[in-house]
Amino acid sequence: MESPLDQLDEESKRALTEFKERVQDCTSKLVDTRDEYLLKWLIARSYNINEAEKMLRASLAWRQTNGVDDILKWTPPEVFQKYYSLGKIGYDKFNCPVYVCAQGNMDLRGILQSVTKKDFMRFQAYMTEKVNKEMLDETLSNGKNKYCQMTFVADMENLSMRQMTYKPVMETGTEQTKVYELNYPENLRRIFIINAPKIFTVIFNFLKPFMHQATLDKMRIFGSDKEEWAAALLEEIEADNLPLHYGGTMVDPDGDPKCPSKLNMGSEVPYSYYLSNSAPVPKDYMETINIIAGAGGFKKLKYKIDVANSILRWEFMTEGGDIGFRVYYKSDEEGIVDLVPLSRIESHLVTEEGEFVSEKPGKYVVVFDNTFSILRPKKVRYYVAVDPPVPGSPTALG
């Protein structure tokens, strides 16, 4: 892969020279002092030298505040090692390492209930620093991938609304995107999103405003047509560097096509990892409903939303065992559209929290369902609210 330095016009070269002079006092703090690294900051700010300098200095301050330079000495909690999906499977045709994340299969809500938010964000920085150090070490030893970029494949198969509407998942996703964009410019050569369900559009639209245009230009998004996305992957990655499961020829020594020796595919996090193993405590602002067992054992809560992009949020816990939970949208044109399909929630063990950006005005229904239980009635303590779009947020901007 040709270095971007070889493609610079005279004006860009002058900008890089001036930028280097401006940040000369930062040299001792930089993780990489090569021109290729400094150029990334200029590209991220469209060669605006003042903005690039401001961005780099802010990032150095962030690194110092969060102890990022020493973060590889940290030992992440075990739950990440066992249940966080990320793995290096090989290299693309440009000598960039290829990392795959089985995002849809990963129990992010379980992970976020097993660690503090601080440790979760720390882990994101830890993994990025680890990948970047490996890329730099390889570049310095073999002269390839001089721009230190990676290819990232996010597999959204099995992505569930229950995961994505969990409030901490959305919050950390937004924060993670902001942190990455501000501190790791031009780190990605290509981003493949594969097996993206319809709900992915909602999530993507929420995160999009926090992404630089240069990042968006590198994204290729595909639905569940394997033939289509596998062909796209093979355009840029040789078959022997891609698991059979993803359209390549690579298998594990035991023949497993998903190559779990290279990639943790993620799975449900056991409750034993959760930080709070005691029964949830009801909040003062929660309302209470008693739901009988068997036929007729359900309660519908109806909400009329008049403003597009309003936020429907919920919080509930149960006494007496788990409860079925569902959220749907109802309109004359579309009929009933499931937003959170019916599933049994262990809300007697952990308080359930979630939210959904209601793109369309209309009728929204929250359902608590105990019809599966033959003998046991349930007490549900809940709080449901509709918030208007936050001014200046992506939801408010549409």
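All residue numbers here refer to positions counted from 1 along the written sequence of the relevant chain. For this predicted model, a pLDDT threshold of at least 70 governs which residues receive local features, and a threshold of 80 or more governs which side-chain atom pairs are given and counted, while totals over whole chains, interfaces and linings are taken from all residues. With hydrogens and water stripped out, all remaining heavy atoms of the structure feed into the side-chain values.

Relative to the 18 Å expected for 13 residues at 1.5 Å per residue, helix α1 (residues 10–22) spans 18 Å between its end C-alpha atoms, a close match to the ideal helical length. Those residues of α1 that are buried lie in contact with α2 (35–44) and α3 (49–65). Every helix listed is a DSSP run of H or I at least four residues long, and every strand listed is a run of E at least two residues long, numbered separately from the N terminus. Expected span, for any helix, means 1.5 Å times one less than how many residues it has. Contacts: residue pairs with any heavy atoms within 4.5 Å of one another.

Right, let's talk about the pattern of salt bridges for a bit. Throughout this description, the term salt bridge denotes a Lys or Arg side-chain nitrogen within 4 Å of a carboxyl oxygen of Asp or Glu. As enumerated under the stated definition, the model contains 31 salt bridges in all. We note a salt bridge from R220 to E235, for which the minimum N-O separation is 3.7 Å. Of this pair, R220 sits in strand β5 (residues 219–221) while E235 sits in helix α11 (residues 226–236), and the two are 15 residues apart along the sequence. Partly exposed describes any residue whose relative accessible area lies between the buried limit of under 20% and the exposed limit of over 50%, with all areas from a 1.4 Å probe on protein chains only and scaled to the type maximum. By relative accessible area, R220 is classed as partly exposed at 27%.

The next thing to look at is the state of the cysteines. Two cysteine sulfurs form a disulfide in these notes if their separation is within 2.5 Å. In this structure the tally under the stated criterion is zero disulfides. C26 forms no disulfide, and the closest cysteine sulfur to it belongs to C148, at a distance of 19 Å. Of all cysteine sulfurs, the one in C96 lies closest to C148, which takes part in no disulfide; the gap is 9.0 Å. For C148, a relative accessible area of 6% corresponds to the buried category.

Turning our eyes to something else, we now look at the pairing of strand β9 (residues 323–331). Across the nine residues that make up β9, a large majority, seven, are buried. Once β9 ends, the chain turns through three residues before running back antiparallel as strand β10 (residues 335–345). Any two strands with at least two DSSP bridges between them are considered paired.

Axes are the key here: two packed helices are described by the angle between their axes and the distance separating the axes. The angle between two axes is taken between their N-to-C directions and runs from 0 to 180 degrees, where each axis is a line fitted to C-alpha atoms and a helix contributes only its stretch in contact. Interaxial distance between helix α6 (residues 117–142) and helix α8 (residues 167–183) falls to 11 Å at its minimum, and their mutual angle equals 35 degrees. Our pair here, α6 against α8, has a crossing hand that is right-handed. Together, K117, F120, M121, Q124 and T128 of α6 and T172, E175, Q176, V179 and Y180 of α8 make up the contact between the two elements. The residue makeup of the contact of α6 with α8, split by class, is four nonpolar, four polar and two charged. Here is the rule for handedness: rotate from the far helix to the near one, and if that takes an anticlockwise turn smaller than a right angle the crossing is left-handed, while a clockwise turn gives right-handed. When residues are grouped by polarity, Ala, Val, Leu, Ile, Met, Phe, Trp, Tyr, Cys and Pro land in nonpolar, Asp, Glu, Lys and Arg in charged, and all others, Gly among them, in polar.

Along α11, the positions that sit buried rather than exposed are W229, A230, A232, L233 and E236. Projection of α11 onto a plane perpendicular to its axis shows the buried side chains occupying an angular sector of 155 degrees, all on one side. Facing away from the buried side of α11, by more than 90 degrees, are the exposed residues E227 and E235. Polar contacts here mean pairs of N or O atoms no more than 3.5 Å apart (in protein, one a potential hydrogen donor and the other a potential acceptor; neighbouring residues in sequence count only if both atoms are side-chain atoms). Of the residues that open α11, the one with a side-chain oxygen 3.1 Å from the backbone nitrogen of E227 is D225. Here the arc refers to the directions that run from the helix axis out to each C-beta atom.

Strand order in this open sheet of four strands is β6-β13-β8-β11, and the pairing throughout is antiparallel. Every other strand in the sheet has two partners, leaving β6 (287–291) and β11 (352–358) as the edge strands with one partner each. If you compare each strand with its neighbour and ignore which way they point, the axes differ by 25 degrees on average. Where strand β8 (residues 310–319) meets strand β13 (residues 378–387), nine bridges bridge the pair, whose relative direction is antiparallel.

Attention shifts here to the packing of aromatic side chains. Stacked, tilted and edge-to-face are the three classes applied to pairs of Phe, Tyr and Trp rings, where Trp contributes its six-membered ring and a pair requires centres within 6.5 Å; stacked means planes under 30 degrees apart, edge-to-face means over 60, and tilted covers the rest. Tallied over the full model, the rule gives 20 aromatic pairs. On the basis of an interplanar angle of 65 degrees and a centroid distance of 4.8 Å, the ring pair of Y271 and Y274 is categorised as edge-to-face. Given the relative accessible area of 9%, Y274 is considered buried. Within the aromatic cluster, the residues linked to one another by ring pairs are W74, F80, Y84, F120, F123 and Y126. The lysine or arginine in question, K40, covers the ring of Y147, its NZ or CZ lying 5.3 Å from the ring centre. Any Lys NZ or Arg CZ that is within 6 Å of a ring centre and within 35 degrees of that ring's normal is treated as a charge sitting over the ring. Taking NZ or CZ as reference, R109 lies 4.3 Å from the ring centre of Y166, over its face.

Below, the discussion takes up the pairing of β13. Sheet analysis places β6 next to β13, joined by five bridges and oriented antiparallel. Bridge assignment links N290 to a residue of β13, and that residue is K379.

Glancing now at the side chain of E315. Mapped onto the secondary structure, E315 falls in strand β8. If sequence neighbours within four positions are ignored, E315 has contacts with K283, Y285, M286, T351, E352, E353, R381, Y382 and Y383.

Here we take up a positive patch on the surface. Together, K300, K302, K330 and K363 give the surface a local cluster of positive charge. The topology assignment puts K330 in strand β9. Exposure above 30% relative accessible area and the absence of a salt bridge qualify a residue for a patch, where like charges join within 9 Å and nonpolar side chains (Val, Leu, Ile, Met, Phe, Trp, Tyr) within 5 Å. The protein chains shown are the only cover counted for residues, whose accessible areas, like all others here, come from Shrake-Rupley with a 1.4 Å probe. Neither His nor the chain termini are counted; the positive set is Lys and Arg, and the negative set is Asp and Glu. A charged residue contributes its charge at one atom only: NZ of Lys, CZ of Arg, CG of Asp or CD of Glu.

Geometric descriptors of this kind do not, in isolation, establish any biological role.
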